[in-house]
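Notes for the structure review
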Amino acid sequence: MQIIVDLMGGDNAPLAPLDGAAQAVKEYGVQIIGLGDEALIRKTAADNHISLDGIRLVHCSENIEMCDEPARAVRQKKDSTIVVGLNMLKEGKGDAFVSAGSTGALHVGTSLIVRTLRGIKRPALATLIPAQKKPYLLLDAGANVECRVDMLEAFAVMGSCYMQRVEGRKDPAVALVNNGAEESKGTPLLREAHQQLKTTPGIRFVGNIEPRDVPSGSADVVVCDGFTGNVVLKLTEGVAKMIMGMIKEMFLSGLTTKLAYLLLRGPIAGLKKQMDSEEYGGAPFLGARQPVIKAHGSSKAKGVKNAIRQAKICVENDLCGTMQAALDDVAAANAAAKAAGGAEE
């Protein structure tokens, strides 16, 4: 299996992506196609004693910066790591693409170059978020600010497939973010989406979920538009950071609390690991024809390594093929229901 990795994307490039790729070669047995400034990458590897075994470098003379306008950058920077990587994926020169670079450019590039599954106009950014019971998949997490009912339905189907195929959860629970649990709550679009999801084949829809209940992890897949999802994601990150900071301050406040920390060091370390986003890798663009994984911009080596693991599992389980079959079933069911409604009229 060959995973294409953008070695110039993210705040800690090229060291973190390179180190993460090298660790993935050793731990997962994958072959890496590393994209970027070859001279800089080789120097970084030599300076940090990182082996390039299992990593084939492809030189790219350009890089899309976070400040670049995504669509213009994708059109103009043809030799950038993101554009080259997505073209290689499209041409079958690799099995999946991983990047910690510009989310906007990756989203636009995925839609224009790799293209989307049948029935999907724009892929959704899906991310695993730590929760009390178990991590849940949030989508859309920011790629599509405004969504139609059919888009929310597609998110539910794709999210359910992902949790089954990649996370190994049987019959995952799917919920719709709303300001109340009752069917009558929310905007007209959300009320229509609720009714549509109740009849969507292949998913276990458990109804609306209020934002206060999302962190419990009672739902496996949490569906919303990209604006709402991005607010949920950033608020969750901020609250988690605040709580961990408050816990640290509490244990450092005096001799007694420092002694208490020694007794609780194991559980606290477990909590810290549970809340660490790097443990979950990256956010896949669900709806793309081939696996595209967006690692967090601040990812260190562990985050990139786990994003590569995510890509490997997606390929092994033919995630994109499974999603296409599920989306086709939904389209057929909706067409049948529409035809039956027309016949009754």
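Here, the structure is the one placed above.
Owing to the predicted nature of the structure, the values given are computational and were not obtained by experimental measurement.

Each value, and the rule that gives it
- Residues numbered from 1 in each chain as written.
- Predicted model: local features only at pLDDT ≥ 70, side-chain atom pairs only at ≥ 80, totals over all residues.
- Heavy atoms only, no water.
- Helix = DSSP H or I, 4+ residues; strand = E, 2+ residues; numbered from the N terminus.
- Rg over C-alpha atoms; globule rule 2.2 N^0.38 Å.
- Buried < 20%, exposed > 50% of the residue type's maximum accessible area, 1.4 Å probe, protein only.
- Contact = heavy atoms within 4.5 Å.
- Areas by Shrake-Rupley, 256 points an atom, 1.4 Å probe, with all protein chains shown as cover.
- Lys, Arg positive; Asp, Glu negative; His and termini not counted.
- Charge placed at Lys NZ, Arg CZ, Asp CG, Glu CD.
- Pairing = 2+ DSSP bridges.
- Axes fitted to C-alpha atoms, helices over the stretch in contact; angles between N-to-C directions.
- Right-handed = clockwise from strand over helix to strand, strands pointing away.

**Section: the overall build of the protein**
Of regular secondary structure, the protein possesses 11 helices and 12 strands. Here the C-alpha radius of gyration of the protein, 21 Å, is about what a compact globule of 345 residues would show, namely 20 Å. Principal axes of the C-alpha set define a box for the protein whose edges measure 75 × 60 × 35 Å. Per-residue burial over the protein gives 49% buried out of 345 residues. Within the protein, contacts between residues at least 6 apart in sequence are counted, and of these 71% link residues at least 24 apart. Accessible area for the protein stands at about 16400 Å²; split by element, carbon and sulfur atoms hold 54% of it. Counting 40 positive and 39 negative side-chain charges, the protein places the averaged centre of each group 3 Å from the other.

**Structural notes on the sheet that holds strand β8 (residues 173-177)**
Across the sheet, which stays open at both edges, the five strands sit in the order β6-β7-β10-β8-β9 with mixed pairing between neighbours. In this open sheet, the two strands that pair with only one neighbour each are β6 (127-129) and β9 (204-209). Mean inter-strand twist for the sheet, computed between neighbouring axes without regard to direction, equals 30°. Inspection of the sheet shows β8 paired to strand β10 (residues 221-223) by three bridges, in the parallel sense. Bridging across to β10, A175 finds its partner in V222.

**Section: the environment of Q324**
Along the chain, the position of Q324 falls in helix α11 (residues 319-344). For the pair Q324 and S216, spaced 108 residues apart in sequence, the C-alpha to C-alpha distance is 30 Å. Beyond its immediate stretch of four places on either side in the chain, Q324 contacts L117 and R118.

**Some thoughts on the pairing of β9**
Pairing between β8 and β9: five bridges, direction parallel. Across the sheet, A175 pairs through a bridge with G207, a residue of β9. Read from β8 through helix α7 (residues 188-198) to β9, the crossover connection turns out right-handed.

**Observations concerning unusual backbone geometry**
At the junction of A13 and P14, the peptide bond is cis and its omega measures out at 0° in the coordinates. Relative to the helices and strands, P14 resides in the loop between β1 (2-6) and α1 (15-28). For the bond running from L139 to D140, omega is 5°, close enough to zero to count as cis. Mapped onto the elements, D140 comes out in the loop between β7 (136-139) and α6 (149-165). Backbone geometry places R115, a non-glycine residue, at a positive phi of 75°. Relative to the helices and strands, R115 is located in the loop between α5 (103-114) and β5 (124-125). By relative accessible area, R115 is classed as partly exposed at 41%. With phi around 50°, D171 is a residue other than glycine that occupies positive phi space. Relative to the helices and strands, D171 resides in the loop between α6 and β8.

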